[in-house]
Amino acid sequence: MNQSFYTGAVGASMQLKRMNIIGDNVANLNTFGFKADRTDFTALLYQNHRGIEDDLPMGVGTRILMTSTNHAQGPVEDFQRSTDYMIEGDGFFGLVDLATGQVSYTRNGAFVMCSREVPTGETDANGQPVTELRYYLGDNEGRFVLSNVGGMIEVDKDSVKELLPVGVFDFINYDGMQQVDDTRYLPVDKNGNLVYGTGKLIQGKIEGSNADLAEEYTKLIESQRAYGLALKMVQTSDEIEATINGLRN
């Protein structure tokens, strides 16, 4: 009876986690550059294993093996903004946070002009450095877009409609990239070295979320049914255990 309790409890817990992931995908249906997550399940034991006192029986449920990200291209959206960019094909935009030095990568190309005080190299009458206001392409959250040579991209307000040298970067392998928010990622060792992306840079358009509502809704129904069945297994096991205990009396 302990095995049926365990199988039902683990199954319910894993389906609950899957529903949380599905809920996150649905919540980001309208997030530019969002990539949907998916869950991969595995059986806990395929055969009996030798334990300390006895064999551990096979068939004691499943668990989530890993959560992977679907990096497939999202739909094209056009808002007629000259600071919007998208990548057709493989690659990421690079974002640098000057406060922390962190460089992250994203497919969200909804960029804006961000102002920054830059030293001119001169000093005033009091010996204080003179600064001037300049504009750079950024994500409106304190990070700046990297150019195709790795620097910040200065924007001329009078010629913002021109195609800017926005960098497209890529990795050999996307598996295991660390997600730091809904659309930004940090590479890990197994992603390999940073290379120039082969994707085509398009100005004036944005890549939408690749999460599909119909697919996510179908998976949600599937998980809800599995969750209910797992709890039913726990309830049935409890009733059988109570009946057996009652027979002993």
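Located above this text is the structure these notes cover.
Below is a summary of the structure that appears in this document. As the structure is a computational prediction, the values presented were derived from the model and not from experiment.

## Comments concerning the side chain of T83
Right, so step 1: Relative to the helices and strands, T83 resides in the loop between strand 5 (76-77) and strand 6 (85-88).
Right, so step 2: What makes T83 buried here is its relative accessible area of 13%.
Right, so step 3: Looking at T83, its side chain comes within polar contact range of the main-chain oxygen of F111, at 2.8 Å.
Right, so step 4: Excluding residues within four positions of it along the chain, T83 makes contact with G109, F111, V112, L137 and V160.

## Focus on the packing of aromatic side chains
Right, so step 1: Within the structure shown, the criterion is met by 9 aromatic pairs.
Right, so step 2: An angle of 85 degrees between the planes, with centres 6.1 Å apart, marks the rings of Y136 and F144 as edge-to-face.
Right, so step 3: Owing to a relative accessible area of 7%, F144 belongs among the buried residues under this scheme.
Right, so step 4: Aromatic rings pair up to connect F92, Y105, F169, F171, Y174, Y185 and Y196 into one cluster.

## Description of the side chain of D139
Right, so step 1: Structurally, D139 can be placed in the loop between strand 10 (129-138) and strand 11 (144-145).
Right, so step 2: At a separation of 2.9 Å, a polar atom in the side chain of D139 contacts the main-chain amide nitrogen of E141.
Right, so step 3: Beyond its immediate stretch of four places on either side in the chain, D139 contacts L95, F111, V112 and C114.

## Concerning the layout of surface pockets
Right, so step 1: When its volume is computed, the largest pocket comes out at roughly 150 Å³.
Right, so step 2: Lining the largest pocket are D37, M66, T67, S68, T69, H71, Y174, D175, G176, M177, Q179 and Y185.
Right, so step 3: At 4 residues, strand 4 (residues 62-69) tops the list of elements feeding residues into the lining of the largest pocket.
Right, so step 4: Within the lining of the largest pocket, the residues separate by chemical class into 4 nonpolar, 6 polar and 2 charged.

## Focus: the pattern of salt bridges
Right, so step 1: Using the criterion set out here, one finds 11 salt bridges in the structure.
Right, so step 2: Taking the shortest distance from any N to any O, the salt bridge between K205 and D78 comes out at 3.1 Å. One end of the pair, K205, is in the loop between strand 16 (200-203) and strand 17 (206-207); the other, D78, is in the loop between strand 5 and strand 6, and 127 residues separate them in sequence.
Right, so step 3: When its relative accessible area of 28% is taken as the criterion, K205 is described as partly exposed.
Right, so step 4: Judged by its relative accessible area of 38%, D78 falls in the partly exposed class.
Right, so step 5: E207 serves as the salt-bridge partner of R107, at 2.8 Å between the closest nitrogen and oxygen. Taken together, the residues R107 in the loop between strand 8 (103-106) and strand 9 (112-123) and E207 in strand 17 connect sequence positions 100 residues apart.

## Some remarks on a negative patch on the surface
Right, so step 1: Together, E154, D156, D158 and E162 make up a negatively charged patch on the protein surface.
Right, so step 2: Turning to its location among the elements, D156 is positioned in the loop between strand 11 and strand 12 (169-170).

Cut-off values and rules
- Residues numbered from 1 in each chain as written.
- Predicted model: local features only at pLDDT ≥ 70, side-chain atom pairs only at ≥ 80, totals over all residues.
- Heavy atoms only, no water.
- Helix = DSSP H or I, 4+ residues; strand = E, 2+ residues; numbered from the N terminus.
- Buried < 20%, exposed > 50% of the residue type's maximum accessible area, 1.4 Å probe, protein only.
- Polar contact = N/O pair within 3.5 Å; in protein donor to acceptor, adjacent residues only side chain to side chain.
- Contact = heavy atoms within 4.5 Å.
- Phe/Tyr/Trp six-rings, centres within 6.5 Å; stacked < 30°, edge-to-face > 60°.
- 1 Å grid on protein atoms, 1.4 Å probe; cavity = no way out; pocket = protein on both sides within 12 Å on 5 of 7 lines; lining within 4 Å.
- Points joined across faces, edges and corners; volume = space filled by probe spheres on them.
- Nonpolar A, V, L, I, M, F, W, Y, C, P; charged D, E, K, R; others polar.
- Salt bridge = Lys/Arg side-chain N within 4 Å of Asp/Glu carboxyl O.
- Patch = residues over 30% accessible without salt bridge, like charges linked within 9 Å, V, L, I, M, F, W, Y side chains within 5 Å.
- Areas by Shrake-Rupley, 256 points an atom, 1.4 Å probe, with all protein chains shown as cover.
- Lys, Arg positive; Asp, Glu negative; His and termini not counted.
- Charge placed at Lys NZ, Arg CZ, Asp CG, Glu CD.

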